[in-house]
Amino acid sequence: MSFVTALRPVALSLGVLVGLHVAAVAQIRALDDKSDPVVAIVDGGAIYRSDLAMMQRALPAQFQHLPLEVLYPALIERMIDAKLIFEAGRKEKLDADDEVKRRVRQFEERVVQEVYLNRMIEKQVTEESIRKKYEEFVKANPAKEEVSARHILVQTEAQAKEVIAELAKGADFAELAKTRSIDPAGKQQGGDLGFFSKEEMVPEFSEAAFKMKDGETSKAPVRSQFGFHVIRVEARRTASQPLEEVRDKLVSDMSQDIMNGAVSVLRKNAKIEVFNLDGTPAASQAPGGSVTPARPLQPRR
């Protein structure tokens, strides 16, 4: 199966994409001098770079963050196919078809909704407003004591004692975690768990870790539901979550509040009529807005 064929159902092979990168870069760089250059012409119809960017945004998430240069060879072929199909449909007057017009109106509504809300959010969710929201978050979530530690997780108490003995002889904790720990994350990070609060770990683990001093290694295995741990505490702090750790959540919450507020205002000033699924007047009224008795409407054609 060719690379372009593989793209048609929207799945892309990352390995092939990278392989095509070198050939594509030189071609794209020649177009960078224009803000939105024509990248192909199909039977007189132009395809613009912005068309490719829009197609990229419809791909699975793992491809949306790749440089457009990497995706270019496959996307341009897929866009040419799409252009040919579009022109074939237009020759059959499908652009005047009732179903097409209805779906275009629906798509237009969604785009207008998205742009309207996005622009409203962009105006209100500023760096200043995010920092103000963060200050409110800090007040509502007082600083907690946190410990930074590493651990080595093994299956049996005997294995944990062996690890403790090796550490006592001078073995490197991180290297031992990579070879002995059965915790996959521990193997990759040398057992590093970063900073955590008491509530984030199982009770047995937290109780042992928070009693230890900085630089101390547990002298006996710590048993939990996952197995036996050997713990080394590296540091402790009392601090609130940094802004960057909660930024995404704050922005999401602020955006949701802005959207809810906008809808609430629109509902207050709107005249809303509600009907049953069969088009007959509904007995109940829509929440919010100025609701008047529903009157039968002609089915949309």
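Residues numbered from 1 in each chain as written. Predicted model: local features only at pLDDT ≥ 70, side-chain atom pairs only at ≥ 80, totals over all residues. Heavy atoms only, no water.

Caption draft 1: Spotlight on the pattern of salt bridges. Applying the stated criterion to the full structure yields 17 salt bridges. Between Glu 87 and Arg 90 there is a salt bridge; the shortest N-O distance is 3.0 Å. One end of the pair is Glu 87 and the other is Arg 90, both in helix α5 (residues 68-91) and three residues apart, which spans about a single turn. For Glu 87, a relative accessible area of 15% corresponds to the buried category. Given a relative accessible area of 39%, Arg 90 falls into the partly exposed group. Of the charged contacts, one joins Arg 180 and Glu 166 as a salt bridge, the two residues approaching to 2.7 Å between their closest N and O atoms. Taken together, the residues span a long stretch of sequence, with Arg 180 in helix α9 (residues 173-180) and Glu 166 in helix α8 (residues 157-168) at a distance of 14 residues. You can call Arg 180 partly exposed: its relative accessible area is 24%. One network of salt bridges, in which partners are shared, links Glu 127, Arg 131, Glu 244 and Arg 247. (Salt bridge = Lys/Arg side-chain N within 4 Å of Asp/Glu carboxyl O. Helix = DSSP H or I, 4+ residues; strand = E, 2+ residues; numbered from the N terminus. Buried < 20%, exposed > 50% of the residue type's maximum accessible area, 1.4 Å probe, protein only.)

Caption draft 2: Main features of the confidence of the model for the chain. With 83% of its residues at a pLDDT of 70 or more, the chain has an overall mean of 84. Here residues 1-33 scores under 50 on pLDDT; set against residues more than four positions off or in separate chains, the count is 44 contacts. For residues 291-301, every residue scores under 50 in pLDDT, and the model assigns this stretch 19 contacts once sequence neighbours within four places are set aside. (pLDDT = per-residue confidence, 0-100. Contact = heavy atoms within 4.5 Å.)

Caption draft 3: The sheet that holds strand β5 (residues 222-224), seen in detail. Taken in spatial order, the four strands make up an open sheet running β4-β3-β6-β5, and their pairing is antiparallel. Each having just a single partner strand, β4 (192-196) and β5 make up the two edges of the open sheet. For this sheet, the mean inter-axis angle between neighbouring strands, taken without regard to orientation, is 40°. Here β5 runs beside strand β6 (residues 227-239); their pairing, made up of three bridges, is antiparallel. What sits directly across from Val 222, in β6, is His 229. Along the sheet face, α8 touches β3 (144-154) and β6 and points at about 55° away from the line of β6. (Pairing = 2+ DSSP bridges. Axes fitted to C-alpha atoms, helices over the stretch in contact; angles between N-to-C directions.)

Caption draft 4: Quick look at the packing of aromatic side chains. Per the stated rule, a full pass over the model turns up three aromatic pairs. Ring geometry for Tyr 134 against Phe 137: centres 6.3 Å apart, planes inclined by 20°, an arrangement best described as stacked. One end of the pair, Tyr 134, and the other, Phe 137, are both in helix α7 (residues 127-140), three residues apart, so they sit about a helical turn from each other. A relative accessible area of 17% means that Tyr 134 is categorised as buried. Accessibility expressed as a relative area gives 17% for Phe 137, which makes it buried. On the basis of an interplanar angle of 80° and a centroid distance of 6.1 Å, the ring pair of Phe 196 and Phe 210 is categorised as edge-to-face. Of this pair, Phe 196 sits in strand β4 while Phe 210 is found in helix α11 (residues 203-211), placing the two residues 14 residues apart along the sequence. Exposure class is identical for Phe 196 and Phe 210. Each is buried. Taken together, the ring pairs in this structure connect Phe 196, Phe 205 and Phe 210 into an aromatic cluster. Between the NZ or CZ atom of Arg 237 and the centre of the ring of Phe 195, over which it lies, the distance is 4.0 Å. (Phe/Tyr/Trp six-rings, centres within 6.5 Å; stacked < 30°, edge-to-face > 60°. Lys NZ or Arg CZ within 6 Å of the ring centre and 35° of its normal.)

Caption draft 5: Representation of the packing of helix α6 (residues 98-124) against helix α12 (residues 243-268) in the model. Two elements in contact, α6 and α12, have axes whose closest approach is 10 Å; the angle formed by their N-to-C orientations is 120°. One finds that α6 runs oblique with respect to α12. Seen from above, α6 lies across α12 with right-handed handedness. Of α12, the residues touching α6 (which contributes Leu 117, Met 120, Ile 121 and Gln 124) are Ser 255, Ile 258, Met 259 and Ala 262. (Parallel < 35°, antiparallel > 145°, perpendicular 65-115°, else oblique. Left-handed = near helix turned anticlockwise from the far one by under 90°.)

Caption draft 6: Up close: the environment of Arg 131. With respect to the helices and strands, Arg 131 occurs in helix α7. Put simply, Arg 131 and Leu 243 are 112 residues apart on the chain and 8.0 Å apart in space, counted from C-alpha to C-alpha.

Caption draft 7: Representation of the layout of surface pockets within the structure. Each pocket or cavity is described by its volume, and for the largest pocket that value is around 460 Å³. Around the largest pocket, the lining residues are Ala 82, Ile 85, Phe 86, Gly 89, Arg 90, Leu 94, Asp 95, Glu 99, Val 100, Arg 103 and Val 104. Contributions of two or more residues to the lining of the largest pocket are made by α5 and α6. Ranked by the residues each element gives to the lining of the largest pocket, the list is headed by α5, at five residues. When grouped by side-chain class, the residues that make up the lining of the largest pocket number six nonpolar, one polar and four charged. (1 Å grid on protein atoms, 1.4 Å probe; cavity = no way out; pocket = protein on both sides within 12 Å on 5 of 7 lines; lining within 4 Å. Points joined across faces, edges and corners; volume = space filled by probe spheres on them. Nonpolar A, V, L, I, M, F, W, Y, C, P; charged D, E, K, R; others polar.)

Caption draft 8: Region of interest: the environment of Leu 193. Here Leu 193 is to be found in strand β4. Considering only alpha carbons, one finds Leu 193 and Ser 148, 45 residues apart in sequence, at a separation of 6.7 Å. Not counting residues up to four positions away in its chain, the partners in contact with Leu 193 are Ala 149, Arg 150, His 151, Met 201 and Phe 205.

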